[in-house]
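The chain contents come next:
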Amino acid sequence: MFGTRWIIGLGALLVAGIALYLVLVGADQPSSETLMEISQPALDDIDAKSRSTMRDLLREAGREE
């Protein structure tokens, strides 16, 4: 009976140690390069026609105010 407690206790400590290691290392954190790609808008994907349409829309909205 006493041996079973030790095995369960050591197993629990081992699982807790592995969980702590994974939290400290940050297993699923994105890299800083990935965060930079997400935070910057894809301005190169906007074509000239869309830009001119957006400019016209903003001008009209400015006139209405």
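Quick caveat, the model's predicted, so the values are computed rather than measured.

(A) Structural detail: the overall build of the protein. Assigned secondary structure in the protein consists of 3 helices and 0 strands. Ordered by position from N to C terminus, the α and β elements of the protein give α-α-α. Across the 65 residues in the protein, those meeting the buried criterion constitute 2%. Summed over all atoms, the accessible surface of the protein reaches about 6500 Å², with 64% contributed by carbon and sulfur.

(B) Geometry of helix α1 (residues 2-25). Between the first and last C-alpha of α1 there are 35 Å, a value that for 24 residues agrees with the 34 Å anticipated at 1.5 Å per step. In terms of residue burial, α1 counts as a barely covered element, since only 0 of its 24 residues are buried. Just downstream of α1, Gly 26 is the residue with a positive phi angle, here 75 degrees.

(C) Main features of the confidence of the model for the protein. Taken residue by residue, the protein gives an average pLDDT of 78. The fraction at 70 or more is 66%. Confidence scores differ between elements of the protein, with helix α2 (residues 32-39) showing the lowest mean pLDDT of 57 and α1 the highest of 90.

(D) Structural view of a nonpolar patch on the surface. Taken together, the side chains of Leu 14, Ile 18, Tyr 21, Leu 22 and Val 25 present a nonpolar region at the surface, about 520 Å² in accessible area. By the secondary structure assignment, Ile 18 is in helix α1.

Cut-off values and rules
The numbers attached to residues start from 1 for each chain and follow its sequence in the written order. Given that this is a predicted model, residues contribute local features only at a pLDDT of at least 70 and side-chain atom pairs are listed and counted only at 80 or more, while totals for whole chains, interfaces and linings are drawn from all residues. Values shown for side chains rest on all heavy atoms present in the structure; no hydrogens or waters enter the calculation. Helix and strand assignments come from DSSP, with helices taken as H or I runs of at least 4 residues and strands as E runs of at least 2, each series counted from the N terminus. Only protein chains enter the calculation, and the probe is 1.4 Å; a residue is then buried if its accessible area is under 20% of its type maximum, exposed if over 50%, and partly exposed in between. Values of accessible area rely on a 1.4 Å probe in the Shrake-Rupley scheme; residue burial ignores everything except the protein chains shown. Take the residue count of a helix, subtract one, and multiply by 1.5 Å to get its expected span. As a per-residue measure, pLDDT reflects the predictor's confidence and takes values from 0 up to 100. Patch building starts from residues that exceed 30% relative accessible area and form no salt bridge, then joins like charges within 9 Å and nonpolar side chains (Val, Leu, Ile, Met, Phe, Trp, Tyr) within 5 Å. Whenever Lys or Arg places a side-chain nitrogen within 4 Å of a carboxyl oxygen from Asp or Glu, that contact is recorded as a salt bridge.

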